[in-house]
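Read off the chains here:
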Amino acid sequence: MNSVINKNNFVQSLLKILPSQCVLHEAEDLAPYECDGLSVYRATPMAVVLPDNIEQIKTVLTLCHTENIPVVARGAGTGLSGGALPLDNGILLSLARFNQILDIDTENRTARVQPGVRNLAISEAASTHGLYYAPDPSSQIACSIGGNVAENSGGVHCLKYGLTVHNIIKLQIITMQGEELTLGGDTLDSPGYDLLALMTGSEGLLGIITEITVKLLPKPAAARVMMASFNDVATAGQAVSEVIASGIVPAGLELMDNAAIRAADDFVQAGYPRDAAAILLCEVDGNEHEVADELEQAKAVLKASGAVEISIAGDEQERLKFWAGRKAAFPAVGRLAPDYYCMDGTIPRHQIATVLTRIHELSDEYGLDVVNVFHAGDGNLHPLILYDANIDGELERTEELGGRILEVCVELGGSITGEHGVGMEKINQMCVQYNSNELTQFHAIKYAFDPDGLLNPGKAIPTLHRCAEFGAMHVHHGQLPHPHIERF
Amino acid sequence: MTSAADISTTLADQVKTAFSCRQPLRINAGNSKAFYGNTIEGDVLNVNAHRGIIEYQPSELVITARSGTPLNEIETALAENNQMLAFEPPLHTEHATFGGAIATGLSGPRRAFTGAARDFVLGTTVINGKGEILSFGGQVMKNVAGYDVSRLMAGAQGTLGVLLDISVKVLPLAEKEITLVFEFDQQTAHDQLRQWILQGHAVSASCFTNNILSVRLSSTESSVNHSISELGGEITDNNIWIQLRHQTHPFFTDNTRLWRLSVPPATEPVLQDHNQLIEWGGALRWIAGEDAIYEQAAALNGHATRYALHTNSDSDPFQPLGPTMLKLHRQLKQAFDPELILNRGRTYSSL
Ligand SMILES: Cc1cc2nc3c(=O)[nH]c(=O)nc-3n(C[C@H](O)[C@H](O)[C@H](O)COP(=O)(O)OP(=O)(O)OC[C@H]3O[C@@H](n4cnc5c(N)ncnc54)[C@H](O)[C@@H]3O)c2cc1C
């Protein structure tokens, strides 16, 4: 009852400072905002606020700061870790209306954009100048650049061109106290601490990003892709290391296992070898001479590494066909089972074969199929676990299997997330990746920006208390994983 | 050469003791970049003995080494496998260390084309101001678990933590690397360079001074040969990049009082009455002279650093930070180093 009164009072306060079209509070208006791309987690916020201008963002933050109301930022809501999951005692701050490309500076090869601009829209706008924005998450037609910065998103071409953090130079942010700050600059470096790097990937916990200046690159004159088939997955995994060791940095190097190959081929008729245990798609780009040289070199290496068949896309149409299968892989796998769960761990490249074996064993143990299609070149796995949410307990088992896979990644020297972020989803696995001193250091950083803990609380960085509880759930052979953490 | 040794716990104990008695510490390794920051007080915390390559598998494109490892040792190991630190850390003396390179975050001629020190940092193990040993990031290319503390350490000059172990991404050496020189005025040099980059020529460094434009090209054999035939100019050896990187080029030996001006690359010619050398496709301009140029830098959307090689500075050399920014910097410093004992005042006197 109390919370209803609070909610009504707070909505009234919002309506006093904002035009009514900027505040959603009726149940049917809130429903579309209950979750992000990870729909297994849902919550209804007190209100969704859709500001039109920077002043309104400041006003809202100031009000929330005074009233001690948590704020969750939302871009396009395509996040896969529950980062933009609302809190029922807070507001969801949507940046959707900040959708303007403010400036394209062809001389300095940069674009200044608002946070709600879609990733692909930047490359489209830059295209007439022969330029593009390099990071290309598969969700690029929908996801926002603000969300990309908050997650440090990657894509197929990150192996050569880097992640979001390598492709932005300046951010405007507003802190929870309503203060505006510029991080980075129009230059290649800035005085003071590298707050641009710190803000990138901070999942909406440190500030609201209100403007981004991205780097634009000249579009490469040429790009060629080859497809190499393998009789077993481990050999394909090893071939990835061989390619990199040979001194080539491919623009993309993706691995698909047999289940992924078949699903993609059924879905978009990509012309994949349906009986291969695995394929590697290896793309090289640059000027025509580089491309010709590297293509030859990559072909020789792949052959020597055990590829049984190699085909090089003859023209642009065939190149796009090869990629179509990879790009449609997730929806294609989606047709194999009622539901699938996408994981996102990373490992050192030389562990690809090992991790795939371990995933296979875990898949058998849990009786759930796992399909693998991933950014092999940078060791970023995306195991897709097939399940049926209508079967009692199957989602829980899926989540547990996912958690086990991530723990294997950490054990092999990798990380629990390469590009999708921790959000709500991997909050427990953070306790596996970091010890209590490290987590305490993270909290201290958060405190420096947001001492009241009002920006996206409960996400990305677990409390020690939470880790203690999680640890207690995972007592193996009587050993506590975090014996040094206080238990409450 | 001193042998490899892991002295992490000894160093952490020293910091712990300093923390409990609030004793400021001055982190010292090769001492090759003492000029790049304020002279500071404090007991010396010597990380020199913390050295050695911990892990290096060329196929991973990653090297992990202790902070006191001489840069020379790292670059030799990489060169044996046709790889390099692509940010070309500048200012080697034989004493310069890996930790010093990352702590100052400085980058050499290749920076504008392949990235800065911070771009290549993947993971660090550090001692914070309480004497705790903490690890962030890792040896993998992608890791978004937790805040990116490792990149934050690059350029923080030890004010947030003592670097112990660092993992950086490395890149393969190009098959062929050559230098072309041209005689141009500044505007023509800028326009030409820009056009070549747009055309896809594999430019990996640029330098303009005294109406001479030098351009380095790094790529496959046939790609570089193609550029040579297209661009013209005169081929010379690649020495100039070593001289620029380590600042032994005559411009740096003739002008010891310098300003390092960082501006948007397309910024028109500025401060024309000063002797200058321009790198990074226009983004980095070395300006000879004594008088502060902070205001001019700010007006150009850039920033300036007083850069007096081989002399210790006596006041904050870096572009002043605005009040809100400085406040946030102080809070962040507190977060890592609550007693303000690590390299206090090295970058800004209040940090
Ligand atoms: C089919 C599909 C494919 C995908 N492929 C990839 C891929 O290849 N690579 C990849 O990296 N990701 C991928 N993703 C994940 C997702 O698209 C990215 O994480 C994306 O960056 C999220 O952007 P968004 O605008 O949807 O952010 P949201 O989901 O709305 O938000 C994500 C996080 O950012 C915060 N946030 C958003 N905007 C701001 C802001 N302005 N200021 C501060 N914080 C903010 C939110 O609070 C939240 O924590 C994929 C998702 C889907 C559904």
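Everything numeric in this text was worked out from a predicted model, so none of it was measured.

Draft legend 1. Quick look at the interface of chain B and chain A. Of the residues lining the interface, 70 residues belong to chain B; the matching set on chain A comes to 75 residues. Here chain B meets chain A over a buried area of about 6300 Å², counting both sides, of which 58% is carbon and sulfur. Together, Lys142, Val144 and Tyr147 of chain B form the three largest contributors to the area buried by chain B at its contact with chain A, with a combined 16%. Counting the contacts that link chain B with chain A gives five salt bridges. Measuring nitrogen to oxygen at the nearest pair gives 2.7 Å for the salt bridge that ties Arg118 of chain B to Asp194 of chain A. In this structure, the connection of chain B to chain A is made through 32 residue pairs in polar contact (both at pLDDT 80 or more). A per-element tally of the side of chain B that touches chain A places helix H12 (residues 323-336) of chain B first, with ten residues. Split by residue class, the side of chain B that touches chain A holds 33 nonpolar, 23 polar and 14 charged.

Draft legend 2. Region of the structure containing the state of the cysteines. Residue and element names in this part refer to chain A. This structure, assessed with the given rule, holds one disulfide over all chains. Across the disulfide from Cys431 sits Cys467; the S-S distance is 2.0 Å. Disulfide Cys431 to Cys467: torsion about the S-S bond roughly -80°, handedness left-handed. Within this pair, whereas Cys431 is found in helix H15 (residues 430-433), its partner Cys467 is found in helix H17 (residues 464-473), the two being separated by 36 residues in sequence. Assigned by exposure class, Cys431 and Cys467 land together as buried. Here Cys409 is not cross-linked by a disulfide; its sulfur's nearest cysteine counterpart is in Cys342, at 12 Å.

Draft legend 3. Examining unusual backbone geometry more closely. Residues and elements named next belong to chain B. Non-glycine residue Asn82 carries a positive phi angle of around 55°. Note on placement: Asn82 falls in the loop between helix H2 (71-80) and strand E5 (83-84). Of note in this structure, Asn211 is not a glycine but carries a positive phi near 60°. Along the chain, the position of Asn211 falls in the loop between strand E11 (203-209) and strand E12 (212-219).

Draft legend 4. Region of interest: the site of the ligand. All names here are of chain A. Residues in close proximity to the ligand total 32 residues, the closest being Ala73, Gly75, Thr78, Ser139 and Ser144. Between the ligand and Thr78 there is a distance of 2.6 Å, counted from an oxygen atom to a backbone nitrogen or oxygen. Gly79 places a polar main-chain atom, nitrogen or oxygen, 2.8 Å from an oxygen atom of the ligand. Surface burial for the ligand is 93%, taken as the share of its 980 Å² of free accessible area covered by protein chains.

Draft legend 5. Local environment of the pairing of strand E8 (residues 168-174) of chain A. With seven of seven residues buried, E8 of chain A lies mostly within the body of the structure. A loop of five residues connects E8 of chain A with strand E9 (residues 180-184) of chain A, the two strands running antiparallel in sequence, and Gly178 of chain A in this loop sits at a positive phi of about 85°.

Draft legend 6. Inspection of the sheet that holds strand E12 (residues 222-230) of chain A at higher detail. Residues and elements named next belong to chain A. Pairing is antiparallel in the open sheet, where seven strands are placed in the order E15-E12-E14-E13-E17-E18-E16. Each of the sheet's edge strands pairs with one partner strand only, and the pair in question is strand E15 (309-312) and strand E16 (339-342). Neighbour to neighbour, the strand axes of the sheet diverge by 20° on average, direction disregarded. Where E12 lies against E15, four bridges are found, and the strand directions are antiparallel. Its bridge partner lying in E15, Met227 is registered against Ser311. Here helix H11 (residues 316-327) sits on the sheet in contact with E12, strand E13 (252-257), strand E14 (278-286), E15 and strand E17 (370-374), set at roughly 55° to E12.

Draft legend 7. The arrangement of the packing of helix H10 (residues 288-304) of chain A against helix H8 (residues 221-231) of chain B in detail. Two elements in contact, H10 of chain A and H8 of chain B, have axes separated by 7 Å at closest approach and are oriented at 165°. Taken together, the axes of H10 of chain A and H8 of chain B are roughly antiparallel relative to one another. Note that H10 of chain A runs across H8 of chain B; the crossing there is right-handed. Contacts from His289, Glu290 and Asp293 of chain A in H10 of chain A reach Glu221, Ser222, Ser223 and His226 of chain B in H8 of chain B. Of the residues belonging to the contact of H10 of chain A with H8 of chain B, the class tally is no nonpolar, four polar and three charged.

Draft legend 8. Molecular detail of the packing of aromatic side chains. In total, this model carries 16 aromatic pairs over all chains according to the counting rule given. Aromatic ring contacts, followed pair by pair, group Tyr36, Phe251, Phe252, Trp286, Tyr307, Phe318 and Tyr348 of chain B into a single cluster.

Draft legend 9. Representation of the domain arrangement of chain A in the model. All names here are of chain A. In terms of domains, chain A is made up of domain 1 (7-94), domain 2 (101-218), domain 3 (222-331) and domain 4 (337-428). In this complex, domain 2 contributes eight residues to the contact, which on the side of domain 4 involves nine residues. In this assembly, domain 2 packs against domain 4 so that about 570 Å² is buried in total across both faces, 44% of it on carbon and sulfur atoms. Its largest share of buried area at the contact with domain 4, domain 2 owes to Glu151, Leu159 and Glu203, together 60% of the area lost on that side. Seen at the junction of domain 2 and domain 4, the total is zero salt bridges. Here domain 2 is connected to domain 4 by three residue pairs in polar contact (both at pLDDT 80 or more). For the side of domain 2 that touches domain 4, the residue count by class is three nonpolar, three polar and two charged.

Cut-offs and rules
- Residues numbered from 1 in each chain as written.
- Chains lettered and ligands numbered in written order.
- Predicted model: local features only at pLDDT ≥ 70, side-chain atom pairs only at ≥ 80, totals over all residues.
- Heavy atoms only, no water.
- Contact = heavy atoms within 4.5 Å.
- Buried area = accessible area lost by both parts, 1.4 Å probe.
- Salt bridge = Lys/Arg side-chain N within 4 Å of Asp/Glu carboxyl O.
- Polar contact = N/O pair within 3.5 Å; in protein donor to acceptor, adjacent residues only side chain to side chain.
- Helix = DSSP H or I, 4+ residues; strand = E, 2+ residues; numbered from the N terminus.
- Nonpolar A, V, L, I, M, F, W, Y, C, P; charged D, E, K, R; others polar.
- Disulfide = S-S within 2.5 Å.
- Buried < 20%, exposed > 50% of the residue type's maximum accessible area, 1.4 Å probe, protein only.
- Near = heavy atom within 4 Å.
- Areas by Shrake-Rupley, 256 points an atom, 1.4 Å probe, with all protein chains shown as cover.
- Pairing = 2+ DSSP bridges.
- Axes fitted to C-alpha atoms, helices over the stretch in contact; angles between N-to-C directions.
- Parallel < 35°, antiparallel > 145°, perpendicular 65-115°, else oblique.
- Left-handed = near helix turned anticlockwise from the far one by under 90°.
- Phe/Tyr/Trp six-rings, centres within 6.5 Å; stacked < 30°, edge-to-face > 60°.
- Domains from an automatic or database assignment.

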